[in-house]
Amino acid sequence: MNLKIKHLFKALLVLVALPIYGQQGGMWIPSLLKGMNETEMQSLGMKMSVQDIYDVNNSSMKDAVPHFNGGCTSEVISPQGLLLTNHHCGYGQIQAHSSVENDYLANGFWAKSQAEELPNDNLEVTFIVRIEDVTKDVMSGINPKDSEQVKQSKIAQNIAKTVANFPKESYQENKIKSFFEGNQYILFVTETFTDVRLVGAPPSSIGKFGSDTDNWVWPRHTGDFSLFRIYANKDNKPALYSKDNVPYRPKYFFPISLDGISEGDFTMVFGYPGRTQEYLPSFAVEQIVNDLNPVRIGVRDSALKIIDEYMRAEQNIKIQYASKYASTANYWKKWIGESLGLKRTNAVEAKQAFEKDFIERANKNKKTKAYADILPQFEKLYKEITPYAVSKDFFTEVALRNAELLSSAWKVFALEKSFTNATSFDNKKASIINSQERFYKNYSPKVDEKVFEAIVSKYANEAPKEFLPSILKNADIPAITKEIYKESKLTSLEGLKELLNGDAKQVQQNLNNDKGYLFAKALFENYLQNILPKYEELDLQITALQRTYMKAQLDLYPDARIFPDANSTLRVTYGKVDGYYPKDATYYEPVTHLEGIMEKYVPGDYEFDVPAKLVELYNNKDYGQYAEDGKLPVNFIATNHTTGGNSGSPAIDAHGNLIGLNFDRVWEGTMSDIYYDPSICRNIMVDARYILFIIDKFADAKHLIEEMKLVHPKNK
Ligand code: ARG
Ligand code: GLU
């Protein structure tokens, strides 16, 4: 046993009783796997080397994993720049190309040749060329005695300087991100392609099968994928869209395994997880479970119930609200699962046990003076910030998200606040009208009025009284609602245009005569004056303290498996294919099959309908080379630690072949953003063979299969 493993082993023995730094989970920096993870990955069955994953001098897997439009992940799967991501990641593009005659969301889309591939506005993919630690440069000249504000501004200057000076090609970009809450800074040299065309998408009855009912749920049966292609100029470099552009020749692309997975197999997921908070103190977790999640869930509960009733009753409202409903419901459902999971796994108690150990270690290591004050400080700050945080979440959920008239007013409010000169006023006005044109297309004042009444009442009754605007105190909300929706011009695009008609002075007058606007403005001003400043002041102190706490953990637990929280940078997570026990006496197997789709099939249902062609393929067992033991695998789960942003990430086998496409997590384990418990945290992937089957057998797009490289790593 080498020294490093011995240390690791010793640390793990201690940590078994302290499940904070688990033996599994983690989202690791691809350039640092060598020292930290390689041995563990090999012990889990990995057969490749970490250079195959990340290499600066030679092509490696990282060259095939671009960030997809900043929010999702994607991977290159052919020498001609063919790109795979989720259906829900390409949803906006598929929707944008759809019309009543050509409804690609409903019917799917398959380009028969490259000439038919559809260009997209506002779509880009970004590759990582190089990853460099620049902590020294970013921290230079920082004095520990500086105030937090001074530190932040020096850091910002150093970042700007380093970004400007770090060597790169003209078509590349430098970006610096903070890791370990500002204890480490890493620079990424990136390359962004903006000519990315839609190649194929299954119908929603495959790509979104199960919709919101099945979202965050296992067992799952969703074919959540879509295909794009990256185009480059003749020199294979990023270029704006041109019909002369050619398919990008990637430095690397993934071979796809036809041999699939078995329980216990090594798997790795490579992508851009957005945000986790794994190192919070117990007080913060208590705040999330007891105070913040209930507010967010409660407001969305009311809003979603009302919208759902209308959507079920009226077809045009269903079309208008489907996408908004899905996005509001996504995190609503996640928070419910998260709170349940945090309670069920006693996350707060686990954190408290860890904190006890932390203090003991600090004493033993003679760091009492440096670290003993951290936890009491946290306790005090979290106590102080809670009413502000609760008020802020109420305000955000009600005014900025779910009462649409108020969120429309927020845009106009920003305009009123920023009257500067005539040109910029006109420009801003035009841009608001432009963006609100889209907004009002999908807006129903009738639905919004009901939502407004319900959630504004909730806000007035349940938010901390001392931070309520006076118009909400002892107010007759139903009467106010009626009046606003009868009189305010903010309920339609024409009305908005009327309000914004004229010069700055005129517009100001118009606005301040509008009942809806005045009500909204009272909420906004109360938020900006009585809630936000104090919240930000306390939050800044918490951020600074969290940085010290993080540093202390790295210092006191040098051998523990501590990874930096997700921050939308490229990470590797690994684990194994594994089922789990969601509740007493119930075991969930790790793989689902086409049989399960047929079990869930409800003809004509908007969530569980199945296309006739798929039923026919099932009846004929026409699975081609994609079946295993006569059955077609659809989805599978593993212990990879993923989060939002990992959608579309490649799932990779021990040899580096693509075996699946990440798209979700299981309900019982959604608390893994805060507390990863290996017994119930699982990520959900589409089996690569189901994707190939849909492309080949369902869509008959054989030319796409031909440009891929299909392999048999298990010699099956
Ligand atoms: N839960 C997944 C994620 O967080 C999928 C969301 C899209 N699907 C849906 N039914 N809303 O993005
Ligand atoms: N569906 C998520 C996404 O869009 C991934 C699921 C998760 O949060 O793990 O990134």
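Structure shown above.
Figured I'd write up the structure that's included with this text. (Residues numbered from 1 in each chain as written. Chains lettered and ligands numbered in written order. Predicted model: local features only at pLDDT ≥ 70, side-chain atom pairs only at ≥ 80, totals over all residues. Heavy atoms only, no water.)

Now for the nonpolar core. In terms of nonpolar packing, the biggest core is built from 202 residues, with Ile 53, Leu 227, Met 268, Phe 358, Leu 406, Tyr 690 and Ile 695 touching the most fellow members. Here the element with the most residues in this core is helix 22 (residues 515-556); it accounts for 16 residues. Counting residues in each nonpolar core, the second largest holds nine residues, with Val 138, Ile 155, Ile 176 and Tyr 185 among its members. (Core = buried A, V, L, I, M, F, W, Y, C linked by side-chain atoms within 4.5 Å. Buried < 20%, exposed > 50% of the residue type's maximum accessible area, 1.4 Å probe, protein only. Helix = DSSP H or I, 4+ residues; strand = E, 2+ residues; numbered from the N terminus.)

So, about the site of ligand 1. In the region of ligand 1, the neighbouring residues are His 88, Ser 211, Asp 212, Asn 215, Trp 216, Ala 326, Asn 330, Phe 663 and Asp 664. Separating a nitrogen atom of ligand 1 from a side-chain N or O atom of Asp 212 is a distance of 3.5 Å. The separation between a nitrogen atom of ligand 1 and a polar side-chain atom of Asn 215 is 2.7 Å. Compared with its free state, where it exposes 340 Å², ligand 1 has 86% of that area covered by protein. (Near = heavy atom within 4 Å. Polar contact = N/O pair within 3.5 Å; in protein donor to acceptor, adjacent residues only side chain to side chain. Areas by Shrake-Rupley, 256 points an atom, 1.4 Å probe, with all protein chains shown as cover.)

In this section: the state of the cysteines. Taken as a whole and judged by the stated rule, the model has one disulfide. Between the sulfur of Cys 72 and that of Cys 89 lies a disulfide, 2.1 Å long from S to S. Between Cys 72 and Cys 89, the S-S torsion sits near -80 degrees, and that sign places the bridge as left-handed. Of this pair, Cys 72 sits in strand 2 (residues 72-73) while Cys 89 sits in helix 5 (residues 87-96), and the two are 17 residues apart along the sequence. A relative accessible area of 12% places Cys 72 in the buried class. Take Cys 89: its relative accessible area is 10%, and that puts it in the buried class. (Disulfide = S-S within 2.5 Å.)

So, about the site of ligand 2. Around ligand 2 sit His 88, Trp 216, Thr 642, Thr 643, Gly 644, Gly 645, Asn 646, Ser 647, Phe 663, Asp 664 and Arg 665, and that is every residue in its neighbourhood. Gly 644 places a polar main-chain atom, nitrogen or oxygen, 2.9 Å from an oxygen atom of ligand 2. Coverage of ligand 2 by the protein chains reaches 90% of its 290 Å² of free accessible surface. Here the shell around ligand 2 gets three residues from one element, more than from any other, and that element is strand 20 (residues 658-665).

Another point: helix 16 (residues 404-417). Residues spaced three or four apart along an α-helix face the same direction, because each turn holds 3.6 residues. End to end, helix 16 covers 20 Å across 14 residues, agreeing with the expected 20 Å (1.5 Å per residue, within 8%). Buried residues dominate helix 16, accounting for ten of its 14 residues. Taken together, the buried positions of helix 16 are occupied by Glu 404, Leu 405, Leu 406, Ser 407, Ser 408, Ala 409, Val 412, Phe 413, Leu 415 and Glu 416. (Expected span 1.5 Å × (residues − 1).)

Moving on to the pattern of salt bridges. Oppositely charged side chains can pair when the atoms bearing their charge come close. Enumeration over the complete set of coordinates arrives at 37 salt bridges. Between Lys 515 and Glu 487 there is a salt bridge, with the nearest N and O atoms lying 3.2 Å from each other. Of this pair, Lys 515 sits in helix 22 while Glu 487 sits in helix 19 (residues 477-487), and the two are 28 residues apart along the sequence. With relative accessibility at 37%, the residue Lys 515 sits in the partly exposed group. Under the relative-accessibility criterion, Glu 487 is labelled partly exposed at 42%. With its nearest N and O atoms 3.0 Å apart, the salt bridge here joins Lys 702 to Asp 700. For Lys 702, a relative accessible area of 38% corresponds to the partly exposed category. Sharing partners across several salt bridges, the network here consists of Lys 334, Glu 338, Arg 665 and Asp 673. (Salt bridge = Lys/Arg side-chain N within 4 Å of Asp/Glu carboxyl O.)

Let us look at the environment of Asp 224. Tracing the chain through its elements places Asp 224 in the loop between helix 10 (211-214) and strand 10 (226-232). For the pair Asp 224 and Asp 664, spaced 440 residues apart in the sequence, the C-alpha separation amounts to 9.6 Å. Ignoring any residue separated from it by four or fewer positions in sequence, one finds Asp 224 in contact with Thr 85, Asn 86, His 87, His 88, Ile 206, Gly 207, Leu 661, Phe 663 and Val 686. A distance of 2.8 Å separates a polar side-chain atom of Asp 224 from the backbone nitrogen of His 87. Polar contacts involving the side chain of Asp 224 include one to the side chain of His 88, which spans 2.7 Å. (Contact = heavy atoms within 4.5 Å.)

Of all seven residues that make up strand 10, seven are buried, and the element is covered over most of its length. Residue alternation in strand 10 divides its side chains into two sets, Ser 226, Phe 228, Ile 230 and Ala 232 and Leu 227, Arg 229 and Tyr 231, and both sets are buried. When strand 4 (residues 82-85) meets strand 10, the two strands line up antiparallel, connected through four bridges. Its bridge partner lying in strand 10, Leu 83 is registered against Phe 228. Pairing between strand 9 (residues 196-201) and strand 10: four bridges, direction antiparallel. (Pairing = 2+ DSSP bridges.)

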